[in-house]
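Next come the chains, spelled out residue by residue.
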Amino acid sequence: MSQLSSTVSTHAAQRKMWLIKVFSVIYFTAVCEAQDTDATPLFGYISSASPTSVTPVITTVYEPPVPLLQLKSSWLELFPSEKVELTCFISGSSDWNFIWYRDGTEIQSADPNLSADQSVLTITAATQMYSGKYACKGQHKIKGVTTQISNSLEVKVHVQPKPTLIRDPNFDMFPGESVTFTCMVSVFSEWDYLWYHNGNKIKELKTNTYTIASIAHSNSGQYHCKAKRGTGPFYTQESDKISLQISDPPTPSLSLQSPWSDVFKTEKVKLSCKVGSSSDWTFTWYHSHKKLQQDSVLKMDGSYLDIISIAQTHEGDYTCKAHHRSRKVITGFSNTVNVIVHDRNPAVKLTRNPEYKVMFTRESVSFNCFIDLSSGWEYLWYKDSTQINAASVNMYQISTVGTSDTGLYKCQAKRGSNQFFKTESSQSIHLEVQETPVPSLEQSTQWLDVFPHEPVNLTCGIKGSSDWMYTWYKDGQQIQADKTVSFDLDKTSLSISSASPSHRGQYSCRGQLKRSSVISKVSLGLTLDVYDRNPAVKLTRNPEYKVMFTRESVSFNCFIDLSSGWEYLWYKDSTQINAASVNMYQISTVGTSDTGLYKCQAKRGSNQFFKTESSQSIPLEVQEIPVPSLKQKTQWLDVFPTESLILSCEMANHSGWTYTWYKDGPKVHANDALSFDSNGATLSIRSASTKDKGGYTCEGHLKDRPVTSRSTSTLRVTVYDRNPAVKLTRNPEYKVMFTGESVSFKCSIDLSSGWEYLWYKDSTQINAASVNMYQISTVGTSDTGLYKCQAKRGSNQFFKTESSQSIHLEVQETPVPSLEQSTQWLDVFPHEPVNLTCGIKGSSDWMYTWYKDGQQIQADKTVSFDLDKTSLSISSASPSHRGQYSCRGQLKRSSVISKVSLGLTLDVYDAEPTVTLIQTPEHRLMHTGDSVSFSCHINVSSGWEYLWYKNGTRLPVSGSNHTISPVKTADTGSYTCSGKRGRNADFSSNHSLGLGLDIEERPQANIDLLTGWSEVFSTDSLVLRCQVQKSQDMWNYTWFKEGQPITLPPSEKYIVTPQNDPEQSLYTCQGIRTGRPSYSKPSDTFKTKNLLVKRRVLLSISGFIFFAIIAVIIGFTVLRVIRKPVEDDGRPEEANLFLTNAELRNRFDVPCPMVEYITDAELNAPAKEEGENGMLCSETTPLPITSPDNEAVTTENHDKEENNGGLVSFKQ
């Protein structure tokens, strides 16, 4: 029983101790909380109105009075050498001595700077050591009683201050502005201020400001101040000097922004007014000193004045003034810009040089366009009212004119850009361009075959023009004047005074314009023949019948085998006949007397004539009974249907005969198609047909006697049954001919002969020889057309065939080959390939010759050509290949050569290109989330494709820029780039220098809750702290609430209260700093609970527990008193039911109840770690933070329970 009683007593004691500990915690918590509420008196009070009256025994006891310490001087704050007086007194009594104290230590009288005279203490402020709290104590002179210490007065001794002088405004000033100087002393305030200008005292003021309401140049200089106080007085140090610089307002600069100051109506003018490079000014504009106002024409935009469409009223001088935006400063007038507005539009005049009425191809001509007013003109050129694509200068020049340049030319001028002004067109000037003419070479003497010593005259001229002089050629060699050869003034005539065989040859001439170097083509040639011998004279007779019949006619013809222009002499039987001096001597009716020997002789010339030898003699025998002669009068005996045919039958040298006609034996009679003349001597078939073919004969019959001649021989006539076919051929038959080539057309008839040929181009007859071949020795573009031919024969009633088929001739100007680059660029590097092509579009009939800087290129080890040299390939370029390349074509079929192509300049660099790699920003060290850009650039040429490398490995990136955004740690490495170009990457550059890039993880911000669990009961707020993990740098922090920044200065801590967070929001933070990295990663989100509500609930529970514990204690006490202990010595002692405080500290499985209640630690409790004192729960234990990842679990388990209990969590 005793053991049981002891055990119960022990357990009761342990429970009491445990309950006392719990009660102590709850009590002190409640007391702390009660500090936030209205306090009630801890103890009651005794009413002054006692219900029972008590008569006191009065005993008087005096307390010693307390001295009063007062300041006798002006201030307690002193400066070196200043004094302060303190007085200590006891009101109503002078029986006291005083003891002085500084900072609780009695003052000894040995200090010379402290002078104590009974109730007055004088302190001389020598140093700051005299600063302190001064007090006094009274000692009664008779009783020796001491008082309490008086009130204290604190004396402060400062070092001599130096005022700070500031100026407002603090910039260079202009006359008339206001400036204020402020002199500030950091200690004390009752100062008098002294002001100095350039070392001279100017003012003494009670206030610390000095204002100059309207400054002038005389106010420029150095200003400083100092302060004083007291009667002594005490002076501060002088302030630093401040300079006041006063200058005149700047003069605005007025400039003309449009190109010219003299303008025409409707043109635009722009003026600019500037004050240096400052933008602090506004501007006022003046025209002839009158202020301008903005309207629909005048636009004022900042420092610019735009006159949109100028008029005559806008002419004059323009100036401007500037007004400072923030200061009442106005400048003077700017410089003047004079704008002239012309009262009329400019006159445009066109001239031509030279002014020849007719120009010839390859001459040069220039047109000049003159404007009589202003400048800045661009010129527009027109030909036949169509604008010419020419340079916009006032001269249009045609260096080599052609016939296509013929036309009317005029010019026009304009100026301006967007809203330009255009003049009227000039007068038109006609330009007529003709092909260079061919001079005409003619003989002035009657003949070109001469005999020795005969004179010769030739003339050369271009019809209708005297502007030429001439050069003479014989057999292609230029002729020079000598003893026998002479020329007139312009060499229009050539005279040979005495011909000789050396003058024999073909003569031609060529004209040259006197005014220029234009040379005509060579004339057609005239061949001069100088005989080596005298001419032979031959006599013939017609008819040549040996025997003539009387009354017949006979004629003699005298022929010279050389030359012409002869006069003839006739002889019969060596006697000269009085006959005409022509080459025929005719006896119309012969008689027997005419029988004899006939001969002739010739002469020519006038003054000095030339006479030949006599001809041979021809006898004439005249007899009767002539024989008829049958002849054809038309040219041919084979005819075509409808063609005419005439036959004649006559007696030689006899007349008076009639004739009878026969065909194939039978006599021929007249009909509709066949007729005879009056005596039947002529048979005419007007329109032949196949029935008219056959053999024809005739007989003659003398009219005056019945004499019939013998039948004539047969003439056989053929009549074809169809018309002839005409065929046209061309040689050569190329589809396209080029100027300078030769071409011939041949017209062929498959039947008969005697044809004359007619030639047509584009259905128009050509003035050409009537032979069966038409030849163009040198074709031109004007020869292009359709050609055909036709044949005819006969004279009066001619026969004409059908036209041949048409053959087209196309003649083109010799083309200029096109030189092109096959490679993409013409500036290359050593060993880079180059390909050029030369070609004439649409034709493969050419082969080409290549030139570099005018010298022909030959193939070598690096230069090669294809089959026709249409392409030039340089396999490996070098500086020796540098130059201008051109080409020229030559027709494969002929010697026609094209013009030289336009040139292409090939530039070969001396060295390979430099590759530059630039990084932006230029930091080697970067952090995740940053952005970095690399730019690769090659200093020369173009067409580059850029390749990117990291640590030598090719990156799948193209372009000249490579951006990494955001960067990751995997992006750490060395970056280089290179360039390549060409379709097959023909050329590659070297790599750039490498740029290293180190990427580190951006530091992470983290939120900690600084409010401990025990503090929750004594506060309405939570203190959150943001820190950047694993960083030794100094950081500022920005706080975010629900993703939006909180508008507070950056701070490491943020306090959450029910007032600023009634809705219990999500919080994050981020570190920021001026160095790198400039910001951290945002923290994880943090969500608080409604700690205020929980605290109220917890206090209610603690009150309940408190009273419950009191009741338990009282119950245990009563139980112990009324219950007797039972002794049971034999019963073993029970184990302790409760752990001691020391045992609790050594246990790791005991939870902290406050933490479990206030937070969600039971849901996501971390592994327990032992604190420094071995306890798991203490005053400084931070409340665990619930992350959003665990929020769902907490909310799901406690929503219903907490909401029903009236508790609202911050995490809801």
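Residues numbered from 1 in each chain as written. Predicted model: local features only at pLDDT ≥ 70, side-chain atom pairs only at ≥ 80, totals over all residues. Heavy atoms only, no water.

**Describing the overall build of the chain**
Applicable threshold: Secondary structure follows DSSP: runs of H or I at least 4 residues long count as helices, runs of E at least 2 residues long count as strands, and numbering of each begins at the N terminus. Three labels apply to residues, based on accessible area from a 1.4 Å probe with only protein chains included: buried if under 20% of the type maximum, exposed if over 50%, partly exposed otherwise in between. Contact definition: two residues touch when any of their heavy atoms are within 4.5 Å. Methods summary: accessible areas were calculated by the Shrake-Rupley approach with a probe of 1.4 Å, and residue burial reflects only the protein chains presented.
What the chain contains, in helices and strands, is 5 helices and 97 strands. Here the chain holds 1212 residues, and the buried ones make up 40% of them. Sequence separation of at least 24 residues holds for 63% of the intrachain contacts in the chain that already meet a minimum separation of 6. With an accessible surface of roughly 67,600 Å², the chain has 50% of that area assigned to carbon and sulfur atoms.

**Quick word on the sheet that holds strand E82 (residues 915-920)**
One key point about sheets: their strands pair by backbone hydrogen bonds, in either a parallel or an antiparallel sense. Note the following rule: For two strands to be treated as a pair, DSSP must find no fewer than two bridges joining them. Fitting a line to C-alpha atoms yields each axis, with helices limited to the stretch in contact; the angle taken between N-to-C directions then spans 0 to 180 degrees.
Pairing in this open sheet of 3 strands is antiparallel, and the strands run E82-E84-E87 from one edge to the other. Looking along the sheet, the strands with just one partner apiece sit at the ends: E82 and strand E87 (961-964). Strand after strand, the sheet turns through a mean of 15° between neighbouring axes, direction not considered. Relative to E87, strand E84 (residues 932-938) is paired through 4 bridges, and the arrangement is antiparallel. If you follow phenylalanine 934 over to E87, its bridge partner there is histidine 962.

**Some points on the sheet that holds strand E23 (residues 290-291)**
Spatially, the 5 strands line up as an open sheet ordered E20-E27-E26-E22-E23, and their pairing is mixed. Since the sheet does not close on itself, it has two edges, and those belong to strand E20 (262-263) and E23, each with one partner.

**Focus on a nonpolar patch on the surface**
Applicable threshold: Candidate patch residues must exceed 30% relative accessible area and have no salt bridge, after which like charges are joined if within 9 Å and Val, Leu, Ile, Met, Phe, Trp or Tyr side chains if within 5 Å. Salt bridges are identified by distance alone: a Lys or Arg side-chain nitrogen within 4 Å of an Asp or Glu carboxyl oxygen.
Side chains of Ile1110, Ile1113, Ile1114, Val1118, Leu1119, Val1121 and Ile1122 sit close together on the surface and give an oily, nonpolar patch of about 610 Å² of accessible area. Classification of valine 1121 as exposed rests on a relative accessible area of 65%.

**Focus: unusual backbone geometry**
Most of the time, phi is negative for any residue but glycine, and the peptide bond is trans. Here the bond from aspartate 168 into proline 169 is cis, since omega is 0°, no more than 30 degrees from zero. Phi is positive for aspartate 384, which is not a glycine, with a value near 50°. Relative to the helices and strands, aspartate 384 resides in the loop between strand E31 (378-383) and strand E32 (386-388). Taking the relative accessible area as the measure of exposure, aspartate 384 reaches 42% and is therefore partly exposed. Its identity as a non-glycine residue notwithstanding, aspartate 573 has a phi of 55°, on the positive side. Of note, aspartate 573 is situated in the loop between strand E50 (567-572) and strand E51 (575-577). On the basis of relative accessible area, aspartate 573 is assigned to the partly exposed category, the value being 43%.

**Here we look at the environment of cysteine 977**
Relative to the helices and strands, cysteine 977 resides in strand E88 (residues 973-981). Residue cysteine 977 is classed as buried on the basis of its relative accessible area of 0%. When the C-alpha atoms of cysteine 977 and serine 992 are compared, they prove to be 5.5 Å apart, with 15 residues separating the residues in sequence. With residues up to four places along the chain from it excluded, the contact list for cysteine 977 reads Val915, Leu917, Cys936, Leu947, Trp948, Tyr949, Asn990, His991 and Ser992.

**Details of the packing of aromatic side chains**
Heads up, the condition is: Here a pair means two rings of Phe, Tyr or Trp (six-membered ring of Trp) with centres within 6.5 Å. Their orientation is stacked below 30 degrees between planes, edge-to-face above 60, and tilted elsewhere.
On inspection of all chains with the given rule, the structure shows 40 aromatic pairs. Centre to centre, the rings of phenylalanine 79 and phenylalanine 234 are 4.9 Å apart; their planes meet at 5°, and the pair counts as stacked. Taken together, the residues phenylalanine 79 in the loop between strand E2 (77-78) and strand E3 (83-89) and phenylalanine 234 in strand E17 (residues 234-235) connect sequence positions 155 residues apart. Grouping residues by exposure puts phenylalanine 79 and phenylalanine 234 together as buried. Centroid distance phenylalanine 640 to tryptophan 755: 5.7 Å. Interplanar angle 40°. Geometry classified as tilted. Of this pair, phenylalanine 640 sits in the loop between strand E57 (638-639) and strand E58 (645-651) while tryptophan 755 sits in the loop between strand E66 (743-749) and strand E67 (756-761), placing them 115 residues apart in sequence.

**A closer look at the state of the cysteines**
Filter applied, for reference: By convention in this document, the label disulfide applies to cysteine sulfur atom pairs within 2.5 Å.
Under the criterion given, the structure shown has 11 disulfides. Each sulfur in the disulfide pair cysteine 369 and cysteine 411 lies 1.9 Å from the other. Residues cysteine 369 and cysteine 411 share a disulfide whose torsion about the S-S bond is about 75°; that sign makes it right-handed. Here cysteine 369, found in strand E30 (residues 365-371), pairs with cysteine 411, found in strand E34 (residues 407-415); they are 42 residues apart in sequence, far enough to count as distant.

**Points about the pairing of strand E61 (residues 682-685)**
In terms of strand pairing, E58 meets E61 through 4 bridges, oriented antiparallel. Bridge pairing in E61 places leucine 645 opposite isoleucine 685. Relative to E61, strand E60 (residues 674-676) runs antiparallel, the two sharing 3 bridges. Directly across from serine 675, in E61, lies its bridge partner serine 684. The hairpin turn running from E60 into E61, its antiparallel successor, is 5 residues long, and glycine 680 in that turn takes a positive phi close to 75°.

**Some remarks on the side chain of glutamate 699**
Quick note on the threshold: The charge count treats Lys and Arg as positive and Asp and Glu as negative. His and the chain ends do not count. Throughout this description, a polar contact denotes any pair of N or O atoms lying within 3.5 Å of each other; where both atoms belong to protein, one of them has to be capable of donating a hydrogen while the other can accept it, and for residues adjacent in sequence the pair is counted only when both atoms sit in side chains.
On the secondary structure map, glutamate 699 appears in strand E62 (residues 694-702). No salt bridge is formed by the buried glutamate 699, whose closest oppositely charged neighbour, lysine 667, lies at an N-O distance of 8.9 Å. Only 2.7 Å separates the side chain of glutamate 699 from the side chain of serine 711, close enough to count as a polar contact.

**Some points on the confidence of the model for the chain**
Here is the rule: For every residue, the predictor reports its confidence as pLDDT, a number between 0 and 100.
Here the chain averages 82 in pLDDT, while 84% of its residues score no lower than 70. Element-level mean pLDDT values for the chain span from 39 in helix H5 (residues 1188-1204) up to 94 in strand E12 (residues 179-184). Counting interchain partners and residues more than four positions distant, the pLDDT-below-50 stretch residues 1-10 has 26 contacts. Note that pLDDT drops below 50 for residues 31-59; the model gives that stretch 8 contacts with residues more than four away or on any other chain.

**Let's talk about the nonpolar core**
Most often, soluble globular proteins keep nonpolar side chains buried together rather than apart. Just so we agree on the cut-off: Take the buried residues of types Ala, Val, Leu, Ile, Met, Phe, Trp, Tyr and Cys, join any two whose side-chain atoms come within 4.5 Å, and each joined set is a nonpolar core.
Residues Leu836, Trp850, Leu872, Ile874 and Leu906 are the most contacted members of the largest nonpolar core, which totals 26 residues. Broken down by secondary-structure element, the contributors of at least two residues to this core are strand E65 (736-738), strand E75 (834-839), strand E76 (846-852), strand E78 (863-865), strand E79 (871-874), strand E80 (883-891) and strand E81 (904-908).

**Describing the environment of serine 878**
Its location among the elements puts serine 878 in the loop between E79 and E80. For serine 878, a relative accessible area of 23% translates into the label partly exposed. Between the C-alpha atom of serine 878 and that of proline 830, which follows or precedes it by 48 residues, the distance is 5.0 Å. Polar contacts involving the side chain of serine 878 include one to the side chain of serine 880, which spans 2.8 Å.

**A short note on the side chain of serine 1031**
For serine 1031, the location among the structural elements is in the loop between strand E92 (1022-1028) and strand E93 (1036-1041). Here aspartate 1033 takes part through its backbone nitrogen, which lies 3.3 Å from a polar atom of the side chain of serine 1031. Polar contacts involving the side chain of serine 1031 include one to the side chain of tryptophan 1035, which spans 2.9 Å.

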